[in-house]
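Listed below, chain by chain, are the residues.
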Amino acid sequence: QVQLVESGGGLVQAGGSLRLSCAASGRILSINAMGWYRQAPGMQRELVAVITRDGNTNYADPVKGRFTISRDNAKNTVYLQMNSLKPEDTAVYYCSARGVRTGLAAFVDLWGQGTQVTVSS
């Protein structure tokens, strides 16, 4: 059974930092893209950042210059370093893994369970 397990959320004051981690476990041969999404109350889930296996990254405009996504392919883990946090960053953050290869011709897409990030003003 392959799954994503997130950690690192919490409560922080505006201007502070948090680092989220997401590890994929199970029988995994490779993972194409990994990323982070977030969903605030009453809002749709939105992309925060994504990183390909080759290290190419893409960020949502509101987080550019403040957040950094990285990954460790050997550990099937993706990270999100969040600096200069703002109250509007408050949301449940979800890890995503796309194109998870579990067999010769078997691929799945995965979501983590979500981790709460709360930024107080």
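Going by the structure above, here's the rest.
Residues numbered from 1 in each chain as written. Predicted model: local features only at pLDDT ≥ 70, side-chain atom pairs only at ≥ 80, totals over all residues. Heavy atoms only, no water.

> Any chance you could explain the overall build of the protein here in plain terms?
Along the backbone of the protein there are zero helices and eleven strands. Its helices and strands in sequence order give the protein the pattern β-β-β-β-β-β-β-β-β-β-β, from N to C terminus. Since a compact globule built from 121 residues should have a radius of gyration of about 14 Å, the 14 Å found for the protein is in line with a globular shape. Summarising its shape, the C-alpha atoms of the protein cover approximately 50 × 25 × 25 Å along the three principal directions. (Helix = DSSP H or I, 4+ residues; strand = E, 2+ residues; numbered from the N terminus. Rg over C-alpha atoms; globule rule 2.2 N^0.38 Å.)

> Teacher, can you tell me more about the pattern of salt bridges here?
Inspection of the entire model under this criterion finds four salt bridges. A salt bridge links Arg 38 to Asp 89, with the nearest nitrogen and oxygen atoms 2.9 Å apart. Note that Arg 38 is positioned in strand β4 (residues 30-39) and Asp 89 in the loop between β8 (77-82) and β9 (91-103), a separation of 51 residues in sequence. Of the two residues, Arg 38 and Asp 89, both sit in the buried class. Taking the shortest distance from any N to any O, the salt bridge between Asp 61 and Lys 64 comes out at 3.0 Å. A residue is classified by how much of its surface remains accessible, and Lys 64, at 47% relative accessible area, is partly exposed. (Salt bridge = Lys/Arg side-chain N within 4 Å of Asp/Glu carboxyl O. Buried < 20%, exposed > 50% of the residue type's maximum accessible area, 1.4 Å probe, protein only.)

> So what exactly am I meant to see when it comes to the sheet that holds strand β1 (residues 3-7) here?
Strand pairing in a sheet relies on backbone hydrogen bonds. The paired strands run either parallel or antiparallel. The strand order across the open sheet built from four strands is β1-β3-β8-β7, with neighbouring strands paired in antiparallel fashion. Whereas interior strands pair on both sides, the edge strands pair on one side only; in this sheet they are β1 and β7 (67-72). Sheet twist, expressed as the average angle between the axes of neighbouring strands with direction ignored, equals 15 degrees. (Pairing = 2+ DSSP bridges. Axes fitted to C-alpha atoms, helices over the stretch in contact; angles between N-to-C directions.)

> Would you explain unusual backbone geometry in this entry?
Residues apart from glycine generally show negative phi values, whereas peptide bonds are mostly found in trans. The phi torsion at Asn 76 lies on the positive side, around 50 degrees, for a residue other than glycine. Here Asn 76 shows up in the loop between β7 and β8. You can call Asn 76 buried: its relative accessible area is 16%. Of note, Ser 84 is a non-glycine position whose phi angle comes to about 50 degrees, a positive value. The class for Ser 84 is partly exposed, based on a relative accessible area of 41%.

> Just to check I follow, could you spell out the packing of aromatic side chains for this structure?
Inspection of the entire model under this criterion finds one aromatic pair. Both rings, one in Tyr 37 and one in Trp 111, keep their centres 5.0 Å apart while their planes meet at 70 degrees; by these two values the pair is edge-to-face. Note that Tyr 37 is positioned in strand β4 and Trp 111 in strand β10 (residues 106-111), a separation of 74 residues in sequence. Trp 111 gets classed as partly exposed once you look at its relative accessible area, which sits at 38%. In this structure, Arg 19 packs its charged tip against the face of Tyr 79, placed 4.2 Å from the ring centre. Its guanidinium or amino end placed over the ring of Trp 111, Arg 45 lies 4.7 Å from that ring's centre, counting from NZ or CZ. (Phe/Tyr/Trp six-rings, centres within 6.5 Å; stacked < 30°, edge-to-face > 60°. Lys NZ or Arg CZ within 6 Å of the ring centre and 35° of its normal.)

Note that all results are geometric; they support no functional claim without further evidence.
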